[in-house]
Amino acid sequence: MSDTTFSPGLAGVIAGETAIACVDQGKLLYRGYAIADLAENTTFEETAHLLLFGNLPNQADLDAFKKKLDSYRPLPKALVDTLRPIPKDVPMMDVLRTGVSMAGHFDPVKDPDALQERAVWLTAQIGGIIAARFRLLNDQEPIEPKAGLSHAAQVLYQAQGEEPDELSAKLLDLTLILYAEHDFNASTFTARVICSTMSDMVSAIVGGIGALKGPLHGGANEAAMEMLEQFKTADEAKAWIADALANKGKIMGFGHRVYKNGDHRATILERELRKLAKQKGQEQWMDIYDAIKDPMVNDKKIYPNVDYPCGLTYYILGLPLDLYTPLFVASRVTGWAAHFIEQAGDNRIYRPLSIYTGAKDTLVPAIENR
Ligand code: CMC
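The model shown is predicted, which means the values in this text are computed figures rather than measured ones.

The rules behind these values
In this convention, every chain numbers its residues from 1, walking through the sequence in written order. With pLDDT at 70 or above as the cut-off, local features in this predicted model cover only qualifying residues; side-chain atom pairs require 80 or more to be listed or tallied, and sums for whole chains, interfaces and linings still use all residues. Each side-chain value is worked out from all heavy atoms of the structure, with water and hydrogens disregarded. Side-chain atoms within 4.5 Å link the members of a nonpolar core, which is a set of buried Ala, Val, Leu, Ile, Met, Phe, Trp, Tyr and Cys residues. Three labels apply to residues, based on accessible area from a 1.4 Å probe with only protein chains included: buried if under 20% of the type maximum, exposed if over 50%, partly exposed otherwise in between. Numbering of helices and strands starts at the N terminus; helices are DSSP runs of H or I of at least 4 residues and strands are runs of E of at least 2. Proximity criterion: a residue is near a molecule or strand once any of its heavy atoms comes within 4 Å of it. The term polar contact refers here to a pair of N or O atoms within 3.5 Å; inside protein, the definition further demands a hydrogen-donor-capable atom paired with an acceptor-capable atom, and it admits residues adjacent in sequence only when both atoms are side-chain atoms. Each accessible area value is a Shrake-Rupley result obtained with a 1.4 Å probe; residue values ignore everything except the protein chains displayed when judging cover. All amino acids are sorted into three groups, where Ala, Val, Leu, Ile, Met, Phe, Trp, Tyr, Cys and Pro are nonpolar, Asp, Glu, Lys and Arg are charged, and the leftover types, Gly among them, are polar. Marked domain ranges trace back to an automatic or database domain assignment. Contacts are assigned to residue pairs with any non-hydrogen atoms lying within 4.5 Å of each other. By buried area we mean the combined loss of accessible area, with a 1.4 Å probe, across both parts when two parts are placed together. For this analysis, a salt bridge means a side-chain nitrogen from Lys or Arg found within 4 Å of a carboxyl oxygen belonging to Asp or Glu. The aromatic pairing rule takes the rings of Phe, Tyr and Trp, using the six-membered ring of Trp, and pairs them if the centres are within 6.5 Å, calling planes under 30 degrees apart stacked, those over 60 edge-to-face and the rest tilted. Comment: axis = line fitted to C-alpha atoms, over the contacting stretch for helices; angle = value between 0 and 180 degrees taken between N-to-C directions. Our angle categories are set so that under 35 degrees counts as roughly parallel, over 145 as roughly antiparallel, 65 to 115 as roughly perpendicular, and the remainder as oblique. Handedness of a crossing is defined here by the sense of rotation of the near helix relative to the far one, left-handed for an anticlockwise turn of less than a right angle and right-handed for a clockwise turn. Only strands that DSSP links by at least two bridges are regarded as paired with each other.

Description of the nonpolar core
One recurring pattern in soluble globular proteins: nonpolar side chains tend to sit buried together. Residues Val100, Leu228 and Ile292 are the most contacted members of the largest nonpolar core, which totals 109 residues. The greatest single-element share of this core, amounting to 13 residues, is contributed by helix H6 (residues 115-137).

In structure tokens:
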């Protein structure tokens, strides 16, 4: 292979085939269904079923799927006890990574080839791990799941001890649908690379969490809100963004490797965010939001990605910052698992090449001469 095929960040490189998702003329499709259609007409559970099993569930499928999720939600006591001594200043994503790894030692799905079943179990466990850590951080005991709640409502219920209102559960559900899958993004690619060595699904999900955590990827929802949170007025935000752009700063929640003319998911979520802000009497946040967005879009032609409206949506819903990226995981685990299953079904180990830029012909000096 010649050097001319090198593309930093693998930009523009086709690294595999998938039937799970694609961006078609700027619009994201999950298994052929437009994300806007799924956002409007399905719940997260239906979308998760679509990703994991390849079809939208009928009512009986959906009921069985939800029942299975409920049956897999309780965490092993040993897992919760592992979370207890973790220092409080350890970031939630690190704890989630450890928690999922620990869960792997208690995998109730004994058949190594029962990948869809394992994916359902992992999806259920992840919500519980996030909630348990959240409670321990607040000096509260983790609480048992309540059967019958949606995945979104369940995480909030187990974290906050009370069922969320309908609007919060619905909006969180929407973000989970939007976050569930996005073809060969960094964390999914990580999961597929791990799968390609014939490693196991838990390892792939743990790897995915590690990749998603970074602020250039899933960590951007938290980072975007941290940016917005520093402003009290739109004027403060305007002054800050002018300065940041003059200094070529990177603005979290903007830009995308695939969408250069806007992320459709951000448009869908922003519409709901505006309604939410109005309903909650928090429209001042939209002024601040727009004060950052307008110069990015109008002057820089860099558009918000889904993480920009998502950070503020979670904030107005009253969710603590620490939960934002873990909530992304609570959803994306389904996409990762779907890709694991697809990769395992038609596998070839990922092993790209590199261009060596180091020294050659170097001789080992005697130890006393180093
Ligand atoms: N703020 C300021 N400038 C930007 C931004 C941004 N957020 N994004 C891209 N640019 C500039 C970039 O500096 C570059 O300028 P120049 O050509 O002068 O060097 C130009 O736009 C092209 O960008 P790029 O670096 O080629 O984009 P990329 O495809 O390598 O990176 C990205 C994509 C998402 C990592 C990047 O846009 C970024 O760092 N955004 C901020 C972090 C973020 O919001 N991440 C969430 C991604 S989407 C959902 C998810 O995965 O969670």
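Here the narrative resumes.
Thoughts on the site of the ligand
Close to the ligand lie 20 residues, the nearest being His217, Ile251, Gly253, Arg257 and Asp307. One nitrogen or oxygen atom from the side chain of Arg257 is found 2.7 Å from an oxygen atom belonging to the ligand. In isolation the ligand offers 930 Å² of accessible surface; the protein chains occlude 66% of this area. Its residues placed into classes, the shell around the ligand shows nine nonpolar, seven polar and four charged.

Some remarks on the domain arrangement of the protein
For interface size, the figure often reported is the accessible area lost on association. What the domain assignment lists for the protein is domain 1 (34-215 + 323-345) and domain 2 (220-316). One C-alpha centre belongs to domain 1, the other to domain 2; they are set 26 Å apart. Of the residues lining the interface, 19 residues belong to domain 1; the matching set on domain 2 comes to 22 residues. Summed over both partners, the interface of domain 1 with domain 2 comes to about 1,800 Å²; 66% of that surface belongs to carbon and sulfur atoms. Interface area lost by domain 1 to domain 2 is led by Tyr179, His182 and Tyr324, which between them contribute 34%. At the boundary of domain 1 with domain 2, the tally comes to one salt bridge. Counting every contact that joins domain 1 to domain 2 gives eight residue pairs in polar contact (both at pLDDT 80 or more). Taken together, the elements giving at least two residues each to the side of domain 1 that touches domain 2 come down to helix H1 (35-41), helix H8 (166-179) and helix H16 (324-345). The element contributing the most residues to the side of domain 1 that touches domain 2 is H8, with seven residues.

As for the packing of aromatic side chains
According to the stated counting rule, one finds nine aromatic pairs in the structure shown. For the ring pair Trp285 and Tyr315, a centre distance of 5.1 Å and an interplane angle of 70 degrees mean the geometry is edge-to-face. Linking Trp285 in helix H14 (residues 284-298) with Tyr315 in helix H15 (residues 307-316), this pair joins segments that are 30 residues apart in sequence. For Tyr315, a relative accessible area of 27% gives the class partly exposed.

Topic: the packing of H8 against helix H13 (residues 264-279)
With their axes 11 Å apart at the nearest point, H8 and H13 run at an angle of 165 degrees to one another. Judged by the inter-axis angle, H8 sits roughly antiparallel to H13. The element H8 and its partner H13 pack so that their crossing is left-handed. Taking contact as the criterion, the partners of Leu167, Leu171, Leu174, Thr175 and Leu178 in H8 are, on H13, Arg265, Ile268, Leu269, Glu272, Leu276 and Gln279.

Describing the pairing of strand E2 (residues 27-30)
The pairing of strand E1 (residues 21-24) with E2 spans four bridges and is antiparallel. Its bridge partner lying in E2, Val23 is registered against Leu28. Count of turn residues in the E1/E2 antiparallel hairpin: two residues, of which Gln25 carries a positive phi of about 50 degrees. Looking at chain direction, E2 and strand E3 (residues 33-34) are connected through two bridges and run antiparallel. Paired with Leu29 across the bridge in E3 is Ala34.

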